[in-house]
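# Inside the fold
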Amino acid sequence: SQQGEEDPQALSIQEGENATMNCSYKTSINNLQWYRQNSGRGLVHLILIRSNEREKHSGRLRVTLDTSKKSSSLLITASRAADTASYFCATDVGAQKLVFGQGTRLTINP
Amino acid sequence: NAGVTQTPKFQVLKTGQSMTLQCAQDMNHEYMSWYRQDPGMGLRLIHYSVGAGITDQGEVPNGYNVSRSTTEDFPLRLLSAAPSQTSVYFCASRPGTAHVNEKLFFGSGTQLSVL
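These remarks concern the structure in this document.

Conventions we followed
- Residues numbered from 1 in each chain as written.
- Chains lettered and ligands numbered in written order.
- Predicted model: local features only at pLDDT ≥ 70, side-chain atom pairs only at ≥ 80, totals over all residues.
- Heavy atoms only, no water.
- Pairing = 2+ DSSP bridges.
- Helix = DSSP H or I, 4+ residues; strand = E, 2+ residues; numbered from the N terminus.
- Axes fitted to C-alpha atoms, helices over the stretch in contact; angles between N-to-C directions.
- Salt bridge = Lys/Arg side-chain N within 4 Å of Asp/Glu carboxyl O.
- Contact = heavy atoms within 4.5 Å.
- Polar contact = N/O pair within 3.5 Å; in protein donor to acceptor, adjacent residues only side chain to side chain.
- Nonpolar A, V, L, I, M, F, W, Y, C, P; charged D, E, K, R; others polar.

The next subject is the sheet that holds strand E8 (residues 71-76) of chain A. Residue and element names in this part refer to chain A. In space, the five strands of this open sheet follow the order E1-E3-E8-E7-E6, with antiparallel pairing throughout. Edge positions in the sheet fall to strand E1 (4-7) and strand E6 (55-58), since each of these pairs with one other strand and no more. Direction aside, the axes of adjacent strands within the sheet are offset by 15 degrees on average. As judged from the four bridges shared by E1 and strand E3 (residues 19-25), these two strands associate in the antiparallel manner. Note on E3: the bridge partner recorded for Asp7 is Asn22.

Take a look at the structure:
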């Protein structure tokens, strides 16, 4: 089964609202990363949070990490139509392997 | 820099045919990898390489071969294509191998259909 699992699988909100998606994982990690994928394109790195960090910000993105619960959340504030995409969390599972979750499909409605 | 370049973008094969998906990066990255993406399955690691001459298996290596003769190139070979290999394939690289605390740079993908 997948190391990382995102929740929800799909999310539809109005432009300007905040979007929150969650990621749970099974094993201990060194870091957790979030990526975005626009339809039909490759993934783009958004943010990395290390296991000794609890929260990190980048522009309108806020990521939290709770290693005791083995979970992370990605918050996108003041959403825009351009944020419509799939979002994936990824965790390192040992030497040189980065494992991705199944993704959350986010739709921003104008 | 072009980044990570994958060719072809689309390919249709018949069962049993062989082909090579090309991946090249111009960022002098040590680490390169191949993923496949299937609906509802996320991305799964096929093979990866930590430098020229060094490759290793990921989660789903069966049916695929790789080699790394140069730092720049990391081709993925399908020896005898099967319908189960219908997928979108992504190549990704990152600068170093000492830490996994580094982001991956992705190519734009190859959409493969095996009939």
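Opposite charge on two side chains allows them to pair when their charged atoms are near. Tallying each qualifying case throughout the model produces six salt bridges over all chains. Several salt bridges converge on common partners, so that one network encompasses Arg36, Asp38 and Arg44 of chain B.

Often, the extent of an interface is quoted as the loss of accessible area upon association of its parts. Contact with chain B, which involves 24 residues of that partner, is made by 23 residues of chain A. Connecting chain B to chain A are zero salt bridges. The interface formed by chain B and chain A includes four residue pairs in polar contact (both at pLDDT 80 or more). Put simply, the parts of the chain that give the side of chain B that touches chain A at least two residues each are strand E4 (31-38), strand E5 (42-51) and strand E9 (87-94) of chain B. Looking at the side of chain B that touches chain A residue by residue, the classes come out as 11 nonpolar, eight polar and five charged.

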